[in-house]
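Descriptive analysis of the structure
Single-letter residue listing:
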Amino acid sequence: MPNGLPDGAELAYFVKGQECFDPIVATSGRDLIPLMVYGRNISGQEFGGMYCIVLTVKGVVVSAGLLRTFGKGVAELPLVATAREHQGKGYFHALFSCIEEDLLCKMNVEKIVLPAAEEAESMWTKKFGFRKVTEEQVKKYMREVQLTIFKGTSILEKEVQPIKA
């Protein structure tokens, strides 16, 4: 960990190792998580421009999220993970607040979207204020930007909240 920051391999291991979701495998059988962390592309899916945002406590990654912006219109958060032993302690909430308030708001990003598994949908809607996107809106997003969509997920969106004075 040079300069105290995790490298891509450590982040991929962290995200995969948290078992927060089923494995994400392309039709080719390739694991998509390292491709996303490293911002690599495979046929039919582009992962360029992905940034990994991490929250560390005493030098240990406790929560992480992959983030990509598409100009000022929309940003996506296709993957998040919190270490099992740190779940329920508010770490991801703190990380998400930093992403929304300290990053996206200052970049004047209007909306944040994400793919949500059915079992996580209520967490995103109730705790973070997201709402389910209509099929028509998903099609519009797909025409405008290449969102990361996983089989068996719904797309949720939220307007980025302005910084509270």
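The protein chain carries the name Increased DNA methylation 1 C-terminal domain-containing protein in an unreviewed UniProt entry, which gives Punica granatum as its organism.

Description of the overall build of the protein chain
Along its length, the protein chain carries 5 helices and 6 strands. Starting at the N terminus and ending at the C terminus, the protein chain contains elements arranged as α-α-β-β-β-α-β-α-β-α-β. In the protein chain, which comprises 165 residues, the proportion classed as buried is 41%. Pairs at least 24 residues apart make up 62% of the contacts formed inside the protein chain by residues separated by at least 6 positions. Summing over all exposed atoms, the protein chain offers an accessible surface of approximately 9,500 Å²; the carbon and sulfur share of this is 52%.

Concerning the nonpolar core
Among the nonpolar cores identified, the biggest contains 18 residues, and Leu 77, Phe 96, Leu 104, Trp 124 and Phe 130 are the most heavily contacted of them. The element contributing the most residues to this core is helix α3 (residues 91-104), with 5 residues.

Observations regarding the pairing of strand β4 (residues 111-117)
Among the 7 residues of β4, 5 are classified as buried, and the element is accordingly described as predominantly covered. Across 3 bridges, strand β3 (residues 74-82) lies against β4 in parallel orientation. Each residue of the ladder has a partner; that of Ala 75, found in β4, is Ile 112. Remark: the β3/α3/β4 crossover connection has right-handed handedness. Across 7 bridges, the pairing between β4 and strand β6 (residues 153-159) is antiparallel. Pairing of Ala 116 across the sheet is with Ser 154, part of β6.

Side note on the sheet that holds β3
Here 6 strands make up an open sheet; going across it, the order is β1-β2-β3-β4-β6-β5 and the pairing mixed. Lying at the two open borders of the sheet, with one neighbouring strand each, are β1 (51-57) and β5 (131-132). Lying over the sheet, helix α4 (residues 118-128) contacts β3, β4, β5 and β6, oriented at roughly 145 degrees with respect to β4. Docked against the sheet, helix α5 (residues 135-144) engages β3, β4 and β6, running at close to 80 degrees with respect to β6.

Overview of the confidence of the model for the protein chain
Of all residues in the protein chain, 69% have pLDDT values of 70 or greater, and the mean over the chain is 78. By mean pLDDT, helix α1 (residues 8-17) is the weakest element of the protein chain at 52, and β5 is the strongest at 96. Here residues 1-5 scores under 50 on pLDDT; set against residues more than four positions off or in separate chains, the count is 4 contacts.

Some words on the pattern of salt bridges
Applying the stated criterion to the full structure yields 6 salt bridges. Its salt-bridge partner being Arg 68, residue Glu 76 comes within 2.6 Å of it at the nearest N-O pair. For the pair formed by Glu 76 and Arg 68, the shared burial category is buried. Each of Lys 111, Arg 131 and Glu 157 takes part in one network of salt bridges that share partners.

Comments concerning the packing of aromatic side chains
Scanning the entire structure with this criterion turns up 8 aromatic pairs. Ring plane angle 40 degrees and centroid distance 6.1 Å describe the contact between Phe 92 and Phe 96, whose orientation is recorded as tilted. Of this pair, Phe 92 and Phe 96 are both found in helix α3, 4 residues apart, which corresponds to roughly one turn of the helix. The class of Phe 96 is buried, set by a relative accessible area of 2%. With 5.0 Å between their ring centres and 70 degrees between their planes, Phe 96 and Phe 128 make a pair best called edge-to-face. Taken together, the residues Phe 96 in helix α3 and Phe 128 in helix α4 connect sequence positions 32 residues apart. Exposure class is identical for Phe 96 and Phe 128. Each is buried.

Conventions used here
- Residues numbered from 1 in each chain as written.
- Predicted model: local features only at pLDDT ≥ 70, side-chain atom pairs only at ≥ 80, totals over all residues.
- Heavy atoms only, no water.
- Helix = DSSP H or I, 4+ residues; strand = E, 2+ residues; numbered from the N terminus.
- Buried < 20%, exposed > 50% of the residue type's maximum accessible area, 1.4 Å probe, protein only.
- Contact = heavy atoms within 4.5 Å.
- Areas by Shrake-Rupley, 256 points an atom, 1.4 Å probe, with all protein chains shown as cover.
- Core = buried A, V, L, I, M, F, W, Y, C linked by side-chain atoms within 4.5 Å.
- Pairing = 2+ DSSP bridges.
- Right-handed = clockwise from strand over helix to strand, strands pointing away.
- Axes fitted to C-alpha atoms, helices over the stretch in contact; angles between N-to-C directions.
- pLDDT = per-residue confidence, 0-100.
- Salt bridge = Lys/Arg side-chain N within 4 Å of Asp/Glu carboxyl O.
- Phe/Tyr/Trp six-rings, centres within 6.5 Å; stacked < 30°, edge-to-face > 60°.

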